[in-house]
Amino acid sequence: DIAIEVARLCPDIPFSFVEAWPLADDDRAELARRLAELPNVTLLLPQKDMRSVYGACKILLAPSVWNEAYGRVATEAQVSGIPVVASNRGGLPEAVGPGGAILDPESPVEIWAEAVRKLWRDEDAYAALSCAARAHAERIEGSLSYKIDRWERLLADACRGRYAISS
């Protein structure tokens, strides 16, 4: 709902909505009906490879109302230097870091629209957050080798009895 309202408030900005998980037929029909009213929105089917979407993307809008475990979509976008406007739920703030704007999904939708407009129109603000997004995505803590090393050390310590494991 937030993304649809942001698109409605920003008719000069093109939006692509990507279906992230299978929708029930009734839900898909309702979404299509709502989006048909917005000529600046294109609905894309689920993507196996998001690189083409990110290649055409300037800003990622992730207004989740759920407590996301992380926010892989934010990190994926930031690898390409795409700033993220996301909610303050779950792991999204950590995933976005300094490479975007974090907003409360309970905030008025006008605040969300203003954050998107600022990045769309203000080249300096966009450039600064784009650099911050790329740097945040490239930090060592985000690398697969770092994560594997941390897991291996934690598991080894657990096996040696350094951490109590409760059932």
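What counts, and at which threshold
- Per chain, residues are indexed from 1 in the order of the written sequence.
- Confidence filtering applies because this is a predicted model: local features only for residues at pLDDT of at least 70, side-chain atom pairs given and counted only at 80 or more, and all residues used for totals across whole chains, interfaces and linings.
- Side-chain figures throughout are based on the complete set of non-hydrogen atoms in the structure, without hydrogens or water.
- Each Phe, Tyr or Trp ring, with Trp reduced to its six-membered ring, pairs with another whose centre is within 6.5 Å; inter-plane angles below 30 degrees give stacked pairs, above 60 give edge-to-face pairs, and intermediate values give tilted ones.
- Think of it in three bands: residues with accessible area under 20% of the maximum for their type are buried, residues over 50% are exposed, and the middle band is partly exposed, with areas taken using a 1.4 Å probe on protein chains only.
- Two thresholds decide whether a charge sits over a ring: the Lys NZ or Arg CZ must be within 6 Å of the ring centre and within 35 degrees of the ring normal.
- Two strands are said to pair when DSSP picks up at least two bridges between them.
- Numbering of helices and strands runs from the N terminus; a helix is a DSSP stretch of H or I covering at least four residues, while a strand is a stretch of E covering at least two.
- We call a crossover right-handed when, viewed with the strands running away from us, the connection from the first strand over the helix to the second turns clockwise.
- Geometry is summarised by axes, namely lines fitted to C-alpha atoms with helices restricted to the contacting stretch, and by angles between N-to-C directions that run from 0 to 180 degrees.
- Each angle receives one of four descriptions, namely roughly parallel if under 35 degrees, roughly antiparallel if over 145, roughly perpendicular if within 65 to 115, and oblique otherwise.
- When checking whether two residues touch, look at their non-hydrogen atoms; a contact exists if any pair is within 4.5 Å.
- We call a set of buried Ala, Val, Leu, Ile, Met, Phe, Trp, Tyr and Cys residues a nonpolar core when their side-chain atoms join them within 4.5 Å.
- Polar contact is the term for a pair of N or O atoms within 3.5 Å; when the atoms are in protein, one must be able to donate a hydrogen and the other to accept it, and sequence-neighboring residues count only if both atoms are side-chain atoms.
- To count as a disulfide, a pair of cysteine sulfur atoms needs to be within 2.5 Å.

### Brief notes about the packing of aromatic side chains
At step 1: The full count for this structure, using the stated rule, is one aromatic pair.
At step 2: Seen in terms of ring centroids, Phe15 and Phe17 are 6.5 Å apart; in terms of plane orientation they differ by 80°. Their pairing is edge-to-face.
At step 3: Residue classification places Phe17 among the buried positions, given a relative accessible area of 13%.
At step 4: Directly above the ring of Trp120 sits Lys58, whose terminal nitrogen or CZ lies 4.9 Å from the centroid.
At step 5: When the ring centre of Tyr70 is taken as reference, the NZ or CZ atom of Lys147 above it lies at 5.9 Å.

### Remarks on the pairing of strand 2 (residues 41–44)
At step 1: In terms of strand pairing, strand 1 (residues 15–18) meets strand 2 through four bridges, oriented parallel. Bridging from a neighbouring strand, Ser16 pairs with Thr42 of strand 2.
At step 2: A crossover connection joins strand 1 to the parallel strand 2 through helix 2 (residues 25–36); in handedness this β-α-β unit is right-handed.

### A word on the packing of helix 6 (residues 109–121) against helix 7 (residues 123–137)
At step 1: Two elements in contact, helix 6 and helix 7, have axes separated by 5 Å at closest approach and are oriented at 95°. With respect to helix 7, the axis of helix 6 lies roughly perpendicular. The segment helix 6 lies against helix 7, with Lys118, Leu119 and Arg121 engaging Glu123, Ala125, Tyr126 and Leu129.

### Here we look at the nonpolar core
At step 1: Ranked by internal contacts, the top residues of the largest apolar core, which has 23 residues, are Val6, Phe15, Phe17, Leu61, Val85 and Val116.
At step 2: Counting residues per element, this core draws most heavily on helix 6, which supplies six residues.
At step 3: Non-local contacts of Val85, meaning those with residues more than four positions away in its chain, are made with Ile59, Leu60, Leu61, Ala62, Ala101, Leu103, Trp112, Ala115, Val116 and Leu119.
At step 4: By size, the runner-up hydrophobic cluster in this structure holds eleven residues, among which are Tyr54, Ala77, Ala86 and Ala95.

### What to know about the side chain of Gln78
At step 1: On the secondary structure map, Gln78 appears in helix 4 (residues 72–79).
At step 2: At 2.9 Å, the side chain of Gln78 forms a polar contact with the backbone oxygen of Val96.
At step 3: Those residues in contact with Gln78, other than ones at most four positions away along the chain, are Val84, Ala95, Val96, Gly99, Ala133, Arg134, His136 and Ala137.

### Section: the state of the cysteines
At step 1: One pass over the full model with this rule turns up zero disulfides.
At step 2: Summary of cysteine pairing: Cys10 is not part of a disulfide, and the nearest cysteine sulfur, belonging to Cys57, is at 14 Å.
At step 3: The exposure class assigned to Cys57 is partly exposed, which follows from its relative accessible area of 23%.

### Concerning the environment of Leu144
At step 1: In this fold, Leu144 is placed in helix 8 (residues 144–159).
At step 2: The exposed category is assigned to Leu144, whose relative accessible area is 62%.
At step 3: Measuring from C-alpha to C-alpha, the distance between Leu144 and Ser52 comes to 23 Å, with 92 residues separating the pair along the chain.

### Focus: the environment of Phe17
At step 1: Mapped onto the fold, Phe17 is located in strand 1.
At step 2: In sequence terms Phe17 and Asn40 are 23 residues apart; their C-alpha atoms lie 11 Å from each other.
At step 3: Apart from the residues lying within four places of it in its own chain, the contact partners of Phe17 are Ala3, Ile4, Ala7, Leu35, Val41, Thr42, Leu43 and Leu44.

### Section: the sheet that holds strand 4 (residues 84–87)
At step 1: Taking strand neighbours across the sheet as the criterion, the three strands line up as 3-4-5 in an open arrangement whose pairing is parallel. In this open sheet, the two strands that pair with only one neighbour each are strand 3 (60–62) and strand 5 (100–103). Between one strand axis and the next, the sheet turns by 10° as a mean value, whatever way the strands run.
At step 2: Bridge count for strand 3 against strand 4 is three bridges, and the pairing is parallel.

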